[in-house]
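Secondary and tertiary structure notes
So you can see what is in the structure, the chains are spelled out below.
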Amino acid sequence: MVGSIRGVVGQIRWSYYIAATINNYTVTRADDHWTLVATVVLSDAFKLSQQPLIFVAPHAKGEWRWPILSCALQNGALSARLGQMEL
Amino acid sequence: MPRCPIVRPEVVRVPLAEGDFLDLKKQLNTGEYRAMLTAQFREPNAGDRAVINLEQMGFSKVLAYVLGWSFVDFNNQPLQFSAETLRSIHPNVFAEILAAVEAHDESQELERVAAKNGQDGATVSSAISPSAA
């Protein structure tokens, strides 16, 4: 099963800190995992290097949250492997 | 063994009256601590000595520690915590919040002192040899 969620605004958080503010993201689901592709507009290199990191995508009734298993940032382009969505 | 000096960002929930609560940073890091202290002072003119900014007393400590709370607005919707919101609440409730934050801050200070003493291993004094008279 493959599905995707697209959005404009999101954050990567290390606990209550914002490690990165992201723009134009796509989260894609493929069988047992999710992937994130996004553009980073603001980031803190130290906080982005910490664990655990959470990707947070706000929506009309709250926010979706995924744990980040691994991520790479290159020239403002972020790609990450996500765990299961937190309910 | 090398030490890890990074403050782990942890949240503690502190109860208030009538079932309300605050979510606080367990511990401030250096940047947050220094920003909190700096906010309590202002320089009236370039070159003059800094003076205490009474408007910020207590306010900066609450802003430094508080992450969220259980309060709601007139429509019973969650009230977002912010500096602007903090200025809009009843003074009695602010006093209650400040008292809770200061109690938390003091308990953290005691923990820091206890940890430092334990870490230094200086709690037991060494034996002193009697001097020859």
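Everything in this summary refers to the structure shown in the same document. (Residues numbered from 1 in each chain as written. Chains lettered and ligands numbered in written order. Predicted model: local features only at pLDDT ≥ 70, side-chain atom pairs only at ≥ 80, totals over all residues. Heavy atoms only, no water.)

1. Concerning the nonpolar core
This is how it is decided: Put simply, a nonpolar core is a bunch of buried Ala, Val, Leu, Ile, Met, Phe, Trp, Tyr and Cys residues held in one set by side-chain atoms that sit within 4.5 Å of each other. Buried means the residue's accessible area, taken with a 1.4 Å probe over protein chains only, is under 20% of the maximum for its type, while exposed means over 50%, and partly exposed covers the values in between. Working definition: helices are DSSP H or I runs of at least four residues, strands are E runs of at least two. Numbering for both runs from the N terminus. By definition, residues are in contact when any of their heavy atoms lie within 4.5 Å.
The biggest cluster of nonpolar side chains holds 23 residues, and the ones touching the most others in it are Ile12, Tyr25, Val27, Leu36, Phe55 and Leu82 of chain A. Secondary structure elements with two or more residues in this core: strand S1 (2-14), strand S2 (17-30), strand S3 (33-43), strand S4 (53-59), strand S5 (62-74) and strand S6 (77-82) of chain A. For this core, the element with the highest residue contribution is S2 of chain A, accounting for 6 residues. Those residues within four positions of Ile12 of chain A in sequence are excluded, and the remaining contacts are Tyr17, Ile18, Ala19, Ala20, Leu48, Leu53, Ile54, Phe55, Ile68 and Leu78 of chain A. Formed by 21 residues, the second largest nonpolar core is a distinct cluster that contains Met36, Val66, Trp69 and Val101 of chain B.

2. Here's the deal with the sheet that holds strand S1 (residues 11-15) of chain B
All names here are of chain B. The cut-off we apply is this: Two strands qualify as a pair provided that DSSP identifies no fewer than 2 bridges between them. Only the stretch in contact is used when fitting a helix axis, every axis being a line fitted to C-alpha atoms; angles between N-to-C directions are given from 0 to 180 degrees.
As summarised here, the arrangement of the 3 strands in space is S1-S2-S5, forming an open sheet in which the pairing is antiparallel. Each edge of the open sheet is held by one strand with a lone partner, namely S1 and strand S5 (66-69). Neighbour-to-neighbour, the strand axes of the sheet open up by a mean angle of 25 degrees, direction not taken into account. Relative to S5, strand S2 (residues 21-25) runs antiparallel, the two sharing 3 bridges. Directly across from Leu24, in S5, lies its bridge partner Val66.

3. Some words on the side chain of Gln56 of chain B
For Gln56 of chain B, the position within the fold is in the loop between strand S4 (51-52) and helix H2 (59-65). Beyond its immediate sequence surroundings of up to four residues, Gln56 of chain B is in contact with Ala39, Gln40 and Arg87 of chain B.

4. As for unusual backbone geometry
Glycine aside, the phi torsion of most residues is negative, and most peptide linkages are trans. Residue and element names in this part refer to chain A. In this model, Gln51 is joined to Pro52 through a cis peptide bond whose omega is -5 degrees. Mapped onto the elements of the fold, Pro52 is located in the loop between helix H1 (45-48) and S4. Backbone geometry at Ser15 places phi at a positive 55 degrees, although glycine is not the residue there. Within the fold, Ser15 resides in the loop between S1 and S2. Here the phi dihedral of Asn75 falls at roughly 50 degrees; this positive angle occurs in a residue that is not glycine. Relative to the helices and strands, Asn75 resides in the loop between S5 and S6. For Asn75, a relative accessible area of 82% puts it in the exposed group.

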